[in-house]
Each structure stands twice: as C-alpha cells, then as structure tokens.
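Architecture and fold: a report
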Amino acid sequence: SGWLWVLLTALPWAWFVLRGSWPPLDLVAVVLPPLGVASLLVLGLVAARTGRLLPLTAGLSVFLVTALAVILPRLPVEQPRPPHGFRLASANVSEGNDIPREAAATLAERQVDVLVLVEADRKTLDELLVMTDLPERITTSDLSVLSRWPLFRLTRPPPPSGGAGLVDRSGAPFVLHVMHAPNPLYQTTFEEQERLAAHLVRLADAEVLPALVVGDLNLTDRAQGYRTLAGSLRDAMRAGSWPADTYRLNVWRSLLLRIDHLFVPSDWCAADPVTFDIPGSDHRGIEASIGPCP
C-alpha cells in the first residue's frame, strides 16, 4: 500500500513527458486547474481520515504538476522594446453583443494602430466605425480588421477558419493571419487543432514578409498546438509580464483559459502587453506594442 502511494506521487510528473504524444490529452490540459485542486482536497481528506501522510503527498504532487503546467507557458520573456513598434489589439466581442455601443466605445478608447475583431456583428461594427479614426477596414465573415495603414486582401487561400491580409505599414509591411478557430470541445477535435497550429506555422514560414497570427484560436496555452506555435513564433503577450486569462464566462473561469493570442515573428519583439474587459463579451481583449527587434 505504501508503494502504491509512492507510485501515485511520482506518476503525475509523467505529464511533462506524455503531453503532446496523444491529442486527447489536451482535454486533460483544459481541465488541469480544477483537477489539481480537487486532487489536493480529496487526498488531503484521505490523509486526515487515515492519519497517513502519503495520500497528502500524492495530492500535493498532482497539485504541483498542474500549477507548473499553468505557470510555465505564462512565464514572462524579457526582450528589448521594439524601437519602431506599433499597438495592435485583438478582441472577440461576442456575436449578438447586447451592448454594442459600450463595446465599441471601449475598443475605440484603446487608440491602437491595428484592431482585429472576432464575432463583431453589424451593430457593433456600425457603432465602432463612428467612434474610431482608423480609416482602413476589411471584413470577412465574422472577422474584421481596422488599420491606420492601407489593407489588402491576399488572393491566395486563407488559413482554415481565418483570413489573411497585407497591412501596408509605411516602409515595413506585414501579413496578418486573423483567426477564429473552432472549439475542440464540440466543433472539432484536438488532433485537428494541432494540425491547424502546424499549418499556421508553415504559412508564416512561407511568407516573404513578416507574418503575424492573431485572434481567437480557441487554443489553451497548455495544449500541444500552443507549443507548436510558440516554438516558431513569439508569444507577444508574454513580453516582460504574466499574461492573463482571456475566457472568463461563469464556471469556465476556473479553467484559467488563455485562448486569444498574438503571435509575431521570432525576430520581432513586444512590449507593454495588456488584457482588457469588453462590455457584453465573454472574452477579454489583448493588446501589445510589437515590431522588429532592435
């Protein structure tokens, strides 16, 4: 019995070896935070009732593994400030937002150079277009981009569940891959989610110009797809600070989900990343200063 508890104490650490080897394990990654807390509480109760320390040790082991799984992909990455950076924000405003004027006012107040919108319906867009001074606009399905610089649709096929465009920034154009990826819990599979992440990396690598991947990827930063993207691109939201959760609807808050992302080329840097509330939305917006590293 003692050896069993020793095994249960050591076994959770296999997570860092096994994750990524089987896509359905990403479902476990989604529920890790409450799983870690529940394991600690249940095994702590077993320890109290049996008067043995080993069950508590096993519970602490599970809790520590889950804590590290949450913390590691959010560790701040120190980097120099981009000398010619610009502000970009991305926001899922929620389709059918019942307070579109308040949502639009919040987005206009950000005063960014490029604004990416997901699930912005006609009411929200109409309100925003009155309030913002961003002159260039492209809308495709439920994705929209507003920009201080000229925007052009790319004629080649866009990424699945997304769109691609060229931002003709003065002297430094770049490509935007804007995403609203399907949810792996009920719209697709975790295997397809990993394939999409790998496809986005290939698309970014194939671009002659710098390529960004931004939007609602429905991809937790504990999943293999995130590690695929972060292995080739830079997660701008980790620039010198801890990124916050972005999906905070009711009980889903307990899962500590960061599913809205801003990935930039590996030779770009970021500064001053923030998240912000969007009235009427179940997501938080993300924003950072980005640009080529010095």
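It should be noted that the structure appears before, not after, this text.
Residues numbered from 1 in each chain as written. Predicted model: local features only at pLDDT ≥ 70, side-chain atom pairs only at ≥ 80, totals over all residues. Heavy atoms only, no water.

Some words on the sheet that holds strand β2 (residues 114-118)
Within the open sheet, the 6 strands sit side by side as β3-β4-β2-β1-β12-β11. Their pairing is mixed. Edge positions in the sheet fall to β3 (136-140) and β11 (268-277), since each has one partner strand and no second. Ignoring which end each strand starts from, the neighbouring axes of this sheet average 15° apart. Taken together, the 5 bridges between β3 and strand β4 (residues 143-147) define a ladder with antiparallel strand orientation. Among the inter-strand pairings, Arg 137 is bridged to a residue of β4, identified as Leu 146. Against the sheet, helix α6 (residues 100-109) engages β1 (86-92), β2 and β11, with an angle of about 150° to β11. (Pairing = 2+ DSSP bridges. Helix = DSSP H or I, 4+ residues; strand = E, 2+ residues; numbered from the N terminus. Axes fitted to C-alpha atoms, helices over the stretch in contact; angles between N-to-C directions. Contact = heavy atoms within 4.5 Å.)

Considerations on the packing of aromatic side chains
Enumeration over the complete set of coordinates arrives at 7 aromatic pairs. Taking 6.2 Å as the distance between ring centres and 90° as the angle between the ring planes, the aromatic pair formed by Phe 86 and Trp 268 counts as edge-to-face. Taken together, the residues span a long stretch of sequence, with Phe 86 in strand β1 and Trp 268 in strand β11 at a distance of 182 residues. Trp 268 shares its class with Phe 86; the two are buried. Each ring, one from Tyr 247 and one from Trp 252, has its centre 6.3 Å from the other, and the planes form 65°; the classification is edge-to-face. The class of Trp 252 is partly exposed, set by a relative accessible area of 32%. An aromatic cluster is built from Phe 86, Trp 149, Phe 174 and Trp 268, whose rings are joined through pairwise contacts. (Phe/Tyr/Trp six-rings, centres within 6.5 Å; stacked < 30°, edge-to-face > 60°. Buried < 20%, exposed > 50% of the residue type's maximum accessible area, 1.4 Å probe, protein only.)

Topic: the state of the cysteines
All told, the structure shown has 1 disulfide when counted by the stated rule. Disulfide pairing is shown between Cys 269 and Cys 293; the S-S distance is 2.1 Å. Sign of the S-S torsion, about 105° for the bond between Cys 269 and Cys 293, identifies this disulfide as right-handed. With Cys 269 in strand β11 and Cys 293 in the segment after β12 (284-292), this residue pair connects regions lying 24 residues apart in the sequence. Assessed through its relative accessible area of 2%, Cys 269 is described here as buried. (Disulfide = S-S within 2.5 Å.)

Observations regarding the packing of helix α1 (residues 2-10) against helix α5 (residues 54-71)
Where α1 meets α5, the closest approach of the two axes is 8 Å, and the angle between their N-to-C directions is 15°. On the basis of the axis angle, α1 is roughly parallel to α5. Taken as a pair, α1 and α5 cross one another with a handedness that is left-handed. Note on element contacts: α5 touches α1 through Leu 54, Pro 55, Thr 57, Ala 58 and Ser 61, opposite Gly 2, Trp 5, Leu 8 and Thr 9. Class assignment for the residues of the contact of α1 with α5 results in 5 nonpolar, 4 polar and no charged. (Parallel < 35°, antiparallel > 145°, perpendicular 65-115°, else oblique. Left-handed = near helix turned anticlockwise from the far one by under 90°. Nonpolar A, V, L, I, M, F, W, Y, C, P; charged D, E, K, R; others polar.)

Things to note about the layout of surface pockets
Taken as a whole, the largest pocket spans an internal volume of roughly 350 Å³. Taken together, 23 residues line the largest pocket, and the ones lying closest to its centre are Asn 183, Tyr 186, Asn 218, Tyr 247 and Ile 259. Along the lines of polarity and charge, the residues of the lining of the largest pocket split into 12 nonpolar, 8 polar and 3 charged. What the second largest pocket holds in volume is close to 250 Å³. Lining of the second largest pocket is provided by 19 residues; of these, Ile 138, Thr 140, Gly 163, Ala 164 and Gly 165 occupy positions nearest its centre. Only β3, β4, β5 (151-153), β6 (162-167) and β7 (174-180) provide two or more residues apiece to the lining of the second largest pocket. Taken together, the residues of the lining of the second largest pocket break down into 11 nonpolar, 6 polar and 2 charged. (1 Å grid on protein atoms, 1.4 Å probe; cavity = no way out; pocket = protein on both sides within 12 Å on 5 of 7 lines; lining within 4 Å. Points joined across faces, edges and corners; volume = space filled by probe spheres on them.)

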